[in-house]
Amino acid sequence: MLKTFVARIGGLAALALMCATGVAARDLRVMTFNVRYPNPDDGPNIWAKRRDLFVRTIRLADPDVIGTQELFQSQGTDVVRALPRYRWFGRDRFGGHGSEHMGIFYRTDRLRLVRQGDFWLSETPAESGSMGWGAALPRMVNWGIFQTRGPGSYRFLLMDTHFANRDAEDEQARRRSADLIARRLPALAQGLPIVLTGDFNAIPDSEAHRRLAMILTDVWQNAPDKQGPAGTFHDFSGTPGSMIDYIMVRGFRPIRAAVLTTHDGARYPSDHFPIVATLRHTR
């Protein structure tokens, strides 16, 4: 079954993943993955029909930590049931567990969660469910401070987010969201290395991306070894569109990155391709 699956994910992405299995002890493997919420109107792409493929995609990529977007609690439960070495945490966009989460998954045998928290992308970031700058829905950041296990242990901050999705109507919201994250980073990180994962709903030359690129390194743009298309949103078509999903870092050096076009025939694990990256700790 594994050989059949590998053949179906495309040669370049498969090769990148297989070569990535022998990482150095201080390297970190990170994934960002917009899950696509379990919309009952998705027809052949409903969660029940793509759940196993989603799980296999994670299993093959073997990330230490995953920042997800659009995750419902039931989907998180399905993933950790199938992959019991992972745990996840986070509140949903309203501060509870009935809607979309910025769920962060991590391998408990590789990472220890030291501290966690969240804030909303608004003028009142401590207010659960608050909306800012004309966005139609609450947008937020989920974060955790982790410590790696084993020799050469270190701590790092991972933040996960999902910016407002409308085109021109939400341009200001995305820009102001990026600015809020940039301003809050120093107090949260306190000198620790940083990983930011997210669906920015913005292309690389957008104001939101440029603001964050002033203080963080875009892994896809700077990794010396890249595999896959330079686009992540495909709307279940398999045809790469815009690059709107990102891994950005400080205190890590990108070693390799892959946009995974995993599929099984016409079925894809999500309407976004995930990005998986190997990062080398530089401190």
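Residues numbered from 1 in each chain as written. Predicted model: local features only at pLDDT ≥ 70, side-chain atom pairs only at ≥ 80, totals over all residues. Heavy atoms only, no water.

Enquirer: Sorry, what's going on with helix α4 (residues 73–82) here?
Expert: Residues three or four positions apart in an α-helix share a direction because the helix packs 3.6 residues into each turn. Of the positions making up α4, those classed as buried are Q75, G76, D78 and V79. Taken end-on, α4 shows its buried residues confined to a sector of 160°, consistent with a single buried face. The inward-facing, buried residues of α4 contact α3 (47–61), β3 (86–89) and β4 (104–107). (Buried < 20%, exposed > 50% of the residue type's maximum accessible area, 1.4 Å probe, protein only. Helix = DSSP H or I, 4+ residues; strand = E, 2+ residues; numbered from the N terminus. Arc of directions from axis to C-beta. Contact = heavy atoms within 4.5 Å.)

Enquirer: Quick question: what am I supposed to make of a positive patch on the surface here?
Expert: A cluster of basic residues, R87, R112, R115, R149 and R155, forms a positive patch on the protein surface. Summarising the element assignment, R149 is placed in the loop between β6 (140–148) and β7 (155–162). Classification of R149 as partly exposed rests on a relative accessible area of 44%. (Patch = residues over 30% accessible without salt bridge, like charges linked within 9 Å, V, L, I, M, F, W, Y side chains within 5 Å. Areas by Shrake-Rupley, 256 points an atom, 1.4 Å probe, with all protein chains shown as cover. Salt bridge = Lys/Arg side-chain N within 4 Å of Asp/Glu carboxyl O. Lys, Arg positive; Asp, Glu negative; His and termini not counted. Charge placed at Lys NZ, Arg CZ, Asp CG, Glu CD.)

Enquirer: Looking at this model, I keep getting lost on the sheet that holds β6. Mind explaining?
Expert: Working definition: the strands of a sheet are paired by backbone hydrogen bonds and lie parallel or antiparallel to each other. Here 6 strands make up an open sheet; going across it, the order is β5-β6-β7-β8-β11-β9 and the pairing mixed. Edge positions in the open sheet fall to β5 (111–120) and β9 (217–218), since each of these has one partner strand only. Inspection of the sheet shows β7 paired to strand β8 (residues 194–199) by 6 bridges, in the parallel sense. Following the sheet pairing, D160 is matched in β8 by T197. Strand contacts of helix α5 (residues 171–189): β5, β6, β7 and β8, with the helix running at about 155° to β7, the strand carrying the most contacts. (Pairing = 2+ DSSP bridges. Axes fitted to C-alpha atoms, helices over the stretch in contact; angles between N-to-C directions.)

Enquirer: Got a minute to help me understand unusual backbone geometry in this structure?
Expert: Residues other than glycine seldom take positive phi values, yet E70 does so here, at roughly 70°. Following the sequence through the fold, E70 ends up in the loop between β2 (65–69) and α4. A relative accessible area of 10% places E70 in the buried class. A positive phi angle is found at Q190, which is not glycine, with a value near 50°. Checked against the element boundaries, Q190 lands in the loop between α5 and β8. Of the residues examined, Q190 reaches a relative accessible area of 64% and is grouped as exposed.

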